[in-house]
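Inside the fold
Listed below, chain by chain, are the residues.
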Amino acid sequence: MTAKLLGTWYLSEAYATDSAGARLHDVYGARPVGLIHYGADGRMMALITHDGRPPLHGDRQAAPAHERAAAYKSSVAYAGAFELEGDWILHKVDVSTYPNWVGSVLRRQVRLEEGRVTLLTAPQMQDGVETVIKLVWQRAPFLRCQTL
């Protein structure tokens, strides 16, 4: 499975489901933007942003605090080693925009289908409801770089 997983994938949808598998709500908005990359060196990186993020007024440090907080709240990125364990993938986080994940292992059930990979979190409580987050990724098209 590792060879089929390698490369870059773009996020097509991310939503929460209840224990029966019924769709509850979009996690990052109706049209999230994200990518995840799995390298042959056993390293991975992921970046996910909500849809409709407005630009900041000023640079990252000079923008008003409420705009910076909204930008932080509407994105997450992390990177680290990855390892397959049966039909689960382990993301061993060593850097993240969410500091609580650094040093942790994010465990995701992985399903590979033609041109698509689906990652499912383990069941977790959110607002008193047991949920599973489902992230569906599409294979990135091969892009050829132009030689300068």
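Now for a look at the structure at hand. Every value quoted in this text rests on a predicted model; they were computed, and no experiment measured them.

Definitions and limits used
What you see as residue numbers is a count from 1 along each chain, following the sequence as written. Thresholds applied to this predicted model are a pLDDT of at least 70 for local features of residues and 80 or more for the giving and counting of side-chain atom pairs; totals over whole chains, interfaces and linings are not thresholded and use all residues. Only hydrogens and water are removed before side-chain values are computed, so all heavy atoms of the structure are retained for them. Secondary structure elements follow DSSP: runs of H or I no shorter than four residues count as helices, runs of E no shorter than two count as strands, and numbering proceeds from the N terminus. We call two residues in contact when some of their heavy atoms are within 4.5 Å. Two rings from Phe, Tyr or Trp (for Trp, the six-membered ring) form a pair when their centres sit within 6.5 Å of each other. Planes less than 30 degrees apart are called stacked, planes more than 60 degrees apart edge-to-face, and all others tilted. For each residue, the accessible area found with a 1.4 Å probe, counting protein chains only, is set against the maximum for its type, and the residue is called buried under 20%, exposed over 50%, and partly exposed in between. For a Lys NZ or an Arg CZ to count as sitting over a ring, it must be within 6 Å of the ring centre and within 35 degrees of the ring normal. Any carboxyl oxygen of Asp or Glu that lies within 4 Å of a side-chain nitrogen of Lys or Arg is treated as forming a salt bridge with it.

Quick look at unusual backbone geometry now. A positive phi angle, close to 50°, is found at Asp127, a residue other than glycine. Assignment of secondary structure puts Asp127 in the loop between strand E9 (124-126) and strand E10 (129-139).

You can see Trp137 is positioned in strand E10. In this structure, the C-alpha to C-alpha distance between Trp137 and Tyr72, residues 65 residues apart in sequence, is 22 Å. Ignoring sequence-local partners within four residues, the contact set of Trp137 consists of Trp9, Tyr10, Leu11, Ser12, Gly34, Leu35, Ile36, Ile48, Gly115, Arg116, Val117 and Leu119.

On to the packing of aromatic side chains, then. Aromatic ring pairs are defined here through the distance separating the ring centres and the angle between the ring planes. Across all of its chains, the model carries three aromatic pairs by this definition. Judged by centre distance (4.9 Å) and plane angle (75°), the ring pair of Tyr38 and Phe82 falls under edge-to-face. With Tyr38 in strand E3 (residues 33-38) and Phe82 in strand E5 (residues 75-85), this pair connects stretches of sequence that are 44 residues apart. The same class applies to Tyr38 and to Phe82, which are both buried. With centroids separated by 5.3 Å and ring planes inclined at 85°, the aromatic side chains of Tyr78 and Trp101 adopt a geometry described as edge-to-face. Highlighted residues: Tyr78 in strand E5 and Trp101 in the loop between strand E6 (88-96) and strand E7 (105-113), separated in sequence by 23 residues. An aromatic cluster is present here, built from Tyr78, Tyr98 and Trp101 joined pairwise through their rings. The cationic tip of Arg107 hangs over the ring face of Trp88; the distance from NZ or CZ to the ring centre is 4.5 Å.

Moving on: the pattern of salt bridges. Counted according to the given criterion, the structure contains six salt bridges. Arg23 is paired through a salt bridge with Glu13; the nearest N and O atoms lie 3.2 Å apart. Remark: Glu13 occurs in strand E1 (residues 7-17) and Arg23 occurs in strand E2 (residues 23-26); sequence separation between them is 10 residues. Here Asp94 makes a salt bridge to Arg43, at a shortest N to O gap of 2.9 Å. Placement of the pair is Asp94 in strand E6 and Arg43 in strand E4 (residues 43-49), with a sequence separation of 51 residues. Beyond isolated ion pairs, a larger network of salt bridges with shared partners links Glu13, Arg23 and Asp26.

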